[in-house]
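Per-entry structural report
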Amino acid sequence: TSKMLTISQALVALIVFLLVMQFLNLQQARKHLPPGPVPLPLVGNLLQLKFQFHRDLLMKLAKTHGDIFTLWFGRTPIIILNGFHAVKDGLTTHPEDVSGRLLSPFFKTMAQGKGIMLATGHNWKRQRRFGMMILRNLGMGKKGLEYRVQEEAHHLLKYFARKPLDPSFYLFHSISNVICAVVFGYRFPSEDENFHKLLKSNNRYQIHPKNLLYEFFPWIMDHLPGPHKKAFSSYEVLNCFAREEIRKHLERGTPDEPEDFIDFYLAEIEKVSDYNLAHSVIDLFLGGSETTSTTLHWGLLYMVAYPDIQEKVQQELDAVLGSSQLICYEDRRKVSYTNAVIHEIQRFSNIISVGMPRICVRNTELLGFPLTSSLYDPEQWKSPRQFNPGHFLDKDGNFVSQEAFLPFSAGHRVCLGEHLARTELFIFFSNLLRAFTLRLAEGVKQVNIEPVFTSTLQPHPYRVCAIPR
Ligand code: HEM
């Protein structure tokens, strides 16, 4: 036993030695990076962060360490940019340098660096340029993007006439249908079984704290059950669906006038040698569904919480747009107050409170770059923690845009769907408020405007009565 003891003592001593060495190495590495809390061996700052990136905690750390600070994700340093100036400078001063995406084991297994959102370097550039060109081409013509949005808004009004309801599913359904129409060329009826499968897959694709285990031990977790397996199988459902749609498009051949994203892509396939289409399709579906519908979900809740603001929007819409005119995105210029309210909904809900990680492509010691939003920067907004459409109005009530309004991020990877998202927000919101007055469902006394922290910030579930006007 004394021999055993010495072996185990030697093991313990070795482990302690390695931990101390790692601690010292970390201290050495920290000297070349922005300041930040002291990292521990193995976990870095993950214990202090409670294994998540929480907006308020990050903003608190910025108060102590400055607007550019370093956190350690295990042995990987991650630079956090906080507030307008740090975010803007960090993403736009050398935009090319920070245009990489952190391809962690979890995301690597999922998308293999293909498509747009999780790709880096040459492949990303080509897929992104291609995606943007197609969306621009689809924007033109009678069946263009705006037409699709108007069509979906029209369907949504029918659902809202049933009351009281939890609006989240209907919003999500309509917004994903816009993407389906754009990408696949058709919309799904609400009862379609395939569509429900797709929507369910979208919900599961989230960065679950438990998936962190996969980031550290992918080779072990590959053989164990857990939320990572669910996320992978959901992604596979989307992947199969996308591939099946591509097959159908190939079978029927490309029409002379391409009608949807897949048509355009296939018409160009000879010019783009490799096959990233399925992943680009998934990126548009994932990037374009939950984001916009969650923003609208917040918007309706704020209207219930602030009925005087709701009434002012309705008065403006009635006076300027009338009760039956088809609402176009261009109309936003005529309704300053409504436009300001929509911007304030995006600012205040701050749904992507910690942005998508970037990596430096020039620096060999790649750094991650999640960033807290500039939307709550006290130096940029009069009352950052209050819902106040005045943030976007001058003293005469005209709409004014604000530099610090960066919900779609900035630089070379700025959101690809920004124009579509803005069109959707305006057309959906104006149509809903023109048609209905929103009130809390009977018996519900309180409105909770605090967020639930998931991958995007979500409102707590609520039910509204949509009273036809
Ligand atoms: C309110 C709605 C939306 C918000 C707040 C939003 C926000 C964002 C943000 C913050 C990023 C990360 C940019 C970065 O890396 O810095 C992003 C990327 C992206 N978004 Fe959106 N988005 C919205 C709607 C959409 C829509 C409708 C689409 C689809 C057409 C879309 C497609 C994408 C894609 C493909 C990317 C990846 C771009 C790249 O990595 O190059 N988004 N979005």
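Residues numbered from 1 in each chain as written. Predicted model: local features only at pLDDT ≥ 70, side-chain atom pairs only at ≥ 80, totals over all residues. Heavy atoms only, no water.

**Examining the overall build of the protein**
Within the protein, the regular secondary structure consists of 16 helices and eight strands. Computed over its C-alpha atoms, the radius of gyration of the protein comes to 24 Å, within 12% of the 23 Å expected for a compact globule of 469 residues. On the principal axes, the C-alpha backbone points of the protein span a range of 90 × 55 × 45 Å. Taking contacts inside the protein between residues at least 6 apart in sequence as the whole, the part at least 24 apart equals 71%. Surface accessibility of the protein: about 23,100 Å² in total, with carbon and sulfur atoms responsible for 58%. In the protein, which carries 52 positive and 45 negative side-chain charges, the distance between the mean positions of the two groups comes to 6 Å. (Helix = DSSP H or I, 4+ residues; strand = E, 2+ residues; numbered from the N terminus. Rg over C-alpha atoms; globule rule 2.2 N^0.38 Å. Contact = heavy atoms within 4.5 Å. Areas by Shrake-Rupley, 256 points an atom, 1.4 Å probe, with all protein chains shown as cover. Lys, Arg positive; Asp, Glu negative; His and termini not counted. Charge placed at Lys NZ, Arg CZ, Asp CG, Glu CD.)

**Observations concerning the UniProt feature "binding site: heme" (unreviewed entry) in the protein**
Under the feature "binding site: heme" (unreviewed entry), the UniProt entry names Cys415. Relative to the elements of secondary structure, Cys415 occurs in the loop between strand 4 (358–359) and helix 16 (418–435). (UniProt positions renumbered as here; feature names shortened; annotations may be inferred.)

**Some points on the packing of aromatic side chains**
In total, this model carries 25 aromatic pairs according to the counting rule given. Their ring planes at 70 degrees and their centres at 5.3 Å tell us that Phe106 and Phe107 sit as a pair that is edge-to-face. Judged by its relative accessible area of 14%, Phe107 falls in the buried class. Classification of Phe106 by relative accessible area gives buried; the value is 3%. Site record: aromatic cluster; members linked through ring pairs are Trp298, Tyr302, Tyr306, Phe348, Tyr376 and Phe387. Here the basic side chain of Arg332 rests over the ring of Tyr329, its NZ or CZ set 3.8 Å away from the ring centre. (Phe/Tyr/Trp six-rings, centres within 6.5 Å; stacked < 30°, edge-to-face > 60°. Buried < 20%, exposed > 50% of the residue type's maximum accessible area, 1.4 Å probe, protein only. Lys NZ or Arg CZ within 6 Å of the ring centre and 35° of its normal.)

**Quick look at the site of the ligand**
Around the ligand, a shell composed of 24 residues is seen, among which Arg101, Arg128, Arg358, Ser409 and Cys415 lie nearest. Contact between the ligand and Arg358: an oxygen atom at 2.8 Å from a side-chain N or O atom of the residue. Of all the secondary structure elements, the ones that give two or more residues to the shell around the ligand are helix 5 (121–139), helix 13 (277–305) and helix 16. Of the residues forming the shell around the ligand, the biggest block, six residues, is contributed by helix 13. Here the shell around the ligand is composed, by residue class, of 12 nonpolar, eight polar and four charged. (Near = heavy atom within 4 Å. Polar contact = N/O pair within 3.5 Å; in protein donor to acceptor, adjacent residues only side chain to side chain. Nonpolar A, V, L, I, M, F, W, Y, C, P; charged D, E, K, R; others polar.)

**Structural notes on the packing of helix 14 (residues 307–321) against helix 15 (residues 336–349)**
It is at 8 Å that the axes of helix 14 and helix 15 come closest, and there the two elements cross at 140 degrees. If you check the angle between helix 14 and helix 15, you find them oblique. Our pair here, helix 14 against helix 15, has a crossing hand that is left-handed. Of helix 15, the residues touching helix 14 (which contributes Ile309, Lys312, Val313, Glu316 and Leu317) are Ser336, Tyr337, Thr338 and Val341. For the contact of helix 14 with helix 15, the residue count by class is five nonpolar, two polar and two charged. (Axes fitted to C-alpha atoms, helices over the stretch in contact; angles between N-to-C directions. Parallel < 35°, antiparallel > 145°, perpendicular 65-115°, else oblique. Left-handed = near helix turned anticlockwise from the far one by under 90°.)

**Notes on the side chain of His249**
Among the secondary structure elements, His249 is positioned in helix 11 (residues 227–252). For His249, a relative accessible area of 4% gives the class buried. Within the local environment of His249, its side chain forms a polar contact with the backbone oxygen of Phe184, the two atoms lying 3.5 Å apart. In contact with His249, not counting residues within four places along its chain, are Phe184, Asp260, Ile262, Asp263 and Leu266.

**Here we look at helix 5**
For helix 5, spanning 19 residues, the distance from its first C-alpha to its last is 27 Å, which sits close to the expected 27 Å at 1.5 Å a residue. Packing partners of the buried residues in helix 5 comprise helix 6 (145–160), helix 7 (168–184), helix 12 (261–268) and helix 13. (Expected span 1.5 Å × (residues − 1).)

**Re the pattern of salt bridges**
Enumeration according to the criterion identifies 16 salt bridges in this entry. Among the salt bridges present, the one from Arg385 reaches Asp56, with a minimum N-O distance of 3.5 Å. Note that Arg385 is positioned in the loop between strand 4 and helix 16 and Asp56 in helix 2 (residues 55–65), a separation of 329 residues in sequence. Notably, a salt bridge pairs Arg252 with Asp260, separated by 3.7 Å at the nearest N-O pair. Look at Asp260 and you get buried, because its relative accessible area is 1%. Sharing partners across several salt bridges, the network here consists of Arg55, Asp56 and Arg385. (Salt bridge = Lys/Arg side-chain N within 4 Å of Asp/Glu carboxyl O.)

**Describing the environment of His343**
Within the fold, His343 resides in helix 15. Between the alpha carbons of His343 and Thr93 there is a distance of 26 Å; along the sequence they are 250 residues apart. Ignoring any residue separated from it by four or fewer positions in sequence, one finds His343 in contact with Phe392, Phe399, Phe405 and Arg422.

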